[in-house]
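Here's the letter readout for the chains.
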Amino acid sequence: MIFAFRSAGLNAVLFVKDLKVNIVLMGCPGAGKGTQSAKLQDVFHLKHISTGDVLRAEIASGSALGKEIAGIINKGNLVPDELMISILEKIVKATDKGIIFDGFPRTVAQAKALDEMMKRLQREITEVVMIELPESEVVSRIASRRQCRKCGEILHVAPDAPASSACPVCGGELYTRPDDTPERVKHRLEVYHTETLPVKNFYQNSGKYVEINGNQTPEQVFEDIVRVLKKVK
Ligand code: AP5
Ligand code: MG
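Worth saying up front: this structure is predicted, and the values here are computed from it rather than measured.

Each value, and the rule that gives it
Residues numbered from 1 in each chain as written. Chains lettered and ligands numbered in written order. Predicted model: local features only at pLDDT ≥ 70, side-chain atom pairs only at ≥ 80, totals over all residues. Heavy atoms only, no water. Core = buried A, V, L, I, M, F, W, Y, C linked by side-chain atoms within 4.5 Å. Buried < 20%, exposed > 50% of the residue type's maximum accessible area, 1.4 Å probe, protein only. Helix = DSSP H or I, 4+ residues; strand = E, 2+ residues; numbered from the N terminus. Pairing = 2+ DSSP bridges. Axes fitted to C-alpha atoms, helices over the stretch in contact; angles between N-to-C directions. Contact = heavy atoms within 4.5 Å.

### Structural notes on the nonpolar core
Reasoning step 1: Ranked by size, the top nonpolar core spans 51 residues in total, and within it Phe-44, Phe-101, Leu-114, Tyr-203 and Ile-225 carry the most contacts.
Reasoning step 2: Element by element, the count of residues in this core is highest for helix 8 (residues 218-232), at 6 residues.

So this is what it looks like as structure tokens:
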């Protein structure tokens, strides 16, 4: 069985389109940031910026920078802050839509740089949503993940799914990320603890920080996020 949440039907109340929010979506590896961002982007016409996807696209381009990045992220380490911030600023400047920041900021230095950048661009972060997931769930979730090379769809596959399954959305090739082996996931979790959890402290007293239980069905997580967005609309 291959499950694609983004294309599945939902009962969530759709209250407004073209939402002008700028959301930081936080959470450990496998928490469901990409899954939820894709749905939020579709429903509310937001711009989804996944720094992980941006870096993987640079790797796929075969550029010298991409080769350098592959050496870092395939080991589960973080790309240097300065590089990440300059890549991000170009993407933010190119859109006037509300934005979902997925996987950024990942360090306190990035969080400070994001605040400064948003001020410069006369925008602001409206909400910081932390998807909480017990670490005991992370390895098995990530082991079941496949991503489509063509449309980027994130899928949950059954352990007995054939290795060469096609994307149910576009027919593209499904692949397993090189940083998704159990050893690298363990290392990514360590990096998350040391580098990214302090970002939670950075936002916690901002009045914008909300925690969502990520250990529910994707539909329930989505509905909880929608409830948060209703309040900031
Ligand atoms: P990135 O791609 O952002 O990886 P990550 O943060 O480790 O998170 P994941 O993408 O693994 O998980 P997710 O939360 O998106 O979960 P998903 O929705 O896919 O970054 C990769 C690397 O790039 C980093 O390690 C770093 O090297 C580099 N990088 C990126 N940003 C950087 C930055 N700002 N600075 C420096 N370096 C940076 O879901 C996972 C699985 O669970 C899927 O199979 C999905 O179908 C399933 N699932 C989702 N929700 C549910 C649910 N509710 N119930 C059951 N299953 C679910
Ligand atoms: Mg992701």
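There's plenty left to go through after this.
### Section: the sheet that holds strand 3 (residues 47-50)
Neighbouring strands of a sheet are bound in pairs by backbone hydrogen bonds; such pairs are parallel or else antiparallel.
Reasoning step 1: One open sheet holds the 5 strands; their spatial order is 3-4-2-5-9, and the pairing between them is parallel. Edge positions in the sheet fall to strand 3 and strand 9 (209-213), since each has one partner strand and no second. Along the sheet, successive strands turn relative to each other by an average axial angle of 20 degrees, direction set aside.
Reasoning step 2: Relative to the sheet, helix 2 (residues 51-60) contacts strand 3 and strand 4 (99-102), its axis offset from that of strand 3 by approximately 70 degrees.

### Some words on unusual backbone geometry
Reasoning step 1: Of note, the bond from Phe-104 into Pro-105 is cis; its omega dihedral lies within 30 degrees of zero at 0 degrees.
Reasoning step 2: Positive phi values are uncommon outside glycine, yet His-45 reaches one of about 55 degrees.
Reasoning step 3: Relative to the helices and strands, His-45 is located in the loop between helix 1 (33-44) and strand 3.
Reasoning step 4: Classification of His-45 by relative accessible area gives partly exposed; the value is 34%.
Reasoning step 5: Of note, Gln-122 is a non-glycine position whose phi angle comes to about 55 degrees, a positive value.
Reasoning step 6: Here Gln-122 lies in the loop between helix 5 (108-120) and strand 5 (127-132).

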